[in-house]
Amino acid sequence: MPLTLLSSPLQGFTDFRFRNAFNHYFGGIDTFFSPYIRLNGKMVVKPAYERDILPKNNQKITVIPQIMTNSADEFLFVADYVQKLGYKELNWNLGCPYPMVTKRCMGSGLINDAPRIDGILEKVHNESDIVVSMKMRMGFENPQEILQVFPVLDKYPIKNVAIHARIGKQLYKGGVDLESFQTCLDNSNQKIYYNGDITSVASFQEMQQRFPNIDHWMIGRGLIADPFLPNMIKNNSRTYPSNKIEVFTDFHQVIIQEYEASLSGATHILLKMTSFWEYFATLFSNPQKTFKKIKKAKSLKAYQQAVSEIIEQESRLKFR
Ligand SMILES: Cc1cc2nc3c(=O)[nH]c(=O)nc-3n(C[C@H](O)[C@H](O)[C@H](O)COP(=O)(O)O)c2cc1C
């Protein structure tokens, strides 16, 4: 069965700069979902969202834009907007777990309101020919909530439903609930994609054995923590390339240059890079020490020095 790997959107991480550099240095991802667009009341797409999905910024990669909303009008506005840019599909985020979002009946806070989901999908399908796909958790309070949504989805030509196998109130704590994910498979006529905690070739292969009918897999944090992972999954290999450290170093240089050019001020750049290193650190022999070193750097010069030392030390240890 052919295997499709998708990059799960990570707001603040998988923007077009990251996506392009990732694709150039590592590859293995077939389609990138861009982080959600949110309108906040006004029918205006903010410039940062626009930049992220402009075709000229995504020339060598396949991207599907995403919206987070609980309003059919907002959905239709963004659908029209992305169609004008040339996109055919808009993905709907029903997964975000944060209280600021869920209290407003958005993200995973909307899953338990099947009639409202129905109303939005009905209007969207009546008034637009955009292809709609979904990205959902299994519920907010409990993993049965999604089961009420499946019959609603069956009324519309939904392209696929990517399921992050957690519930909203878990946030990112606890493990994925694979039994409930199986219940979703048993109770849905939709094309289901799997998402959640794919962090190694071994964990991927375990999931693949457990869900042999799934052929679309979404990787989020695992892709930042180990950018080599998608390609290794594709090649069915647990061996890193022999030039692992050089590839990572070149990739890192590109993204820091991109953020130096696009963010204003050292503080912002350092914040951005530190948040990446919370994940990158796991690629190194001593993740805790590595991340501590990065966090200690309070200027760009100190940061570059820290990165050089980390890479030099790792080369000496011989990359795993
Ligand atoms: C920092 C962060 C930002 C995220 N942003 C989005 C987003 O914009 N849209 C979305 O659908 N999911 C978002 N997610 C959820 C991930 O796409 C993914 O569903 C989740 O992390 C589980 O997959 P993973 O274990 O492979 O990371 C975000 C997660 C994190 C940690």
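Procedures and definitions
Note on numbering: residues in each chain are counted from 1, in written sequence order. Only residues with pLDDT of 70 or above have their local features reported here, since the model is predicted, and side-chain atom pairs are shown and tallied only from 80 upward, although totals for entire chains, interfaces and linings are computed over all residues. Excluding hydrogens and water, the side-chain values take into account all heavy atoms of the structure. Classification of residues uses two cut-offs on accessible area relative to the type maximum, computed with a 1.4 Å probe and protein chains only: under 20% is buried, over 50% is exposed, and between them is partly exposed. Numbering of helices and strands runs from the N terminus; a helix is a DSSP stretch of H or I covering at least four residues, while a strand is a stretch of E covering at least two. In this context, the arc is that of the directions from the helix axis out to the C-beta atoms. Any two residues whose heavy atoms approach within 4.5 Å are treated as being in contact. The definition of a nonpolar core used throughout is a set of buried Ala, Val, Leu, Ile, Met, Phe, Trp, Tyr and Cys residues joined through side-chain atoms within 4.5 Å. Here, proximity means that at least one heavy atom of the residue falls within 4 Å of the molecule or strand. Polar contact is the term for a pair of N or O atoms within 3.5 Å; when the atoms are in protein, one must be able to donate a hydrogen and the other to accept it, and sequence-neighboring residues count only if both atoms are side-chain atoms. All accessible areas in this document rest on Shrake-Rupley with a 1.4 Å probe, and a residue is counted as covered only by the protein chains that are shown. pLDDT expresses, on a scale from 0 to 100, how confident the predictor is about each individual residue. By definition, two strands form a pair when at least two bridges between them are found by DSSP. Here, axes are lines fitted to C-alpha atoms. For helices the fit covers the stretch in contact, and angles between N-to-C directions go from 0 to 180 degrees.

### Comments concerning helix α6 (residues 145-153)
Then step 1. Taken together, the buried positions of α6 are E145, I146, V149, F150, V152 and L153. Looking straight down α6, one finds its buried side chains confined to an arc of 160 degrees; they lie on one side.
Then step 2. Tucked into the core, α6 has its buried residues touching α5 (114-127), β5 (131-136), β6 (161-164), α7 (178-186) and β7 (192-195).

### Topic: the nonpolar core
Then step 1. By size, the foremost hydrophobic cluster in this structure holds 99 residues, and its most contacted members are F75, W92 and W277.
Then step 2. Other than its neighbours up to four places away in sequence, F75 contacts I67, T69, L90, W92, I120, V124, I130 and V132.

### Here we look at unusual backbone geometry
Backbone phi values are negative for most residues with the exception of glycine, while trans is the configuration of most peptide bonds.
Then step 1. Although it is not a glycine, N40 sits at a positive phi angle of roughly 60 degrees.
Then step 2. Assignment of secondary structure puts N40 in the loop between β2 (31-37) and α2 (47-53).

### Focus on the site of the ligand
Then step 1. Around the ligand sit 18 residues, and of these S8, P9, N195, D197 and R221 come closest.
Then step 2. Between P9 and the ligand, the recorded distance is 2.6 Å, taken from a backbone N or O atom to an oxygen atom.
Then step 3. Between the ligand and K135 there is a distance of 2.8 Å, counted from an oxygen atom to a side-chain nitrogen or oxygen.
Then step 4. In isolation the ligand has 620 Å² of accessible area, and contact with the protein removes 90% of it.

### With respect to the confidence of the model for the protein chain
Then step 1. Of all residues in the protein chain, 99% have pLDDT values of 70 or greater, and the mean over the chain is 97.
Then step 2. Model confidence for the protein chain, summarised as mean pLDDT per element, is weakest for helix α14 (residues 300-317) at 95 and strongest for β6 at 99.

### Digging into the sheet that holds β7
Then step 1. Taken together, eight strands build a closed barrel; the order of strands is β1-β2-β3-β4-β5-β6-β7-β8 and the barrel is parallel. With direction set aside, neighbouring strand axes in the sheet form an average angle of 30 degrees.
Then step 2. Pairing analysis gives two bridges linking β7 to strand β8 (residues 216-219), with the strands arranged parallel. Bridging across to β8, N195 finds its partner in M218.
Then step 3. Of the strands in this sheet, β4 (89-94) and β5 are in contact with α5, which crosses β4 at around 170 degrees.

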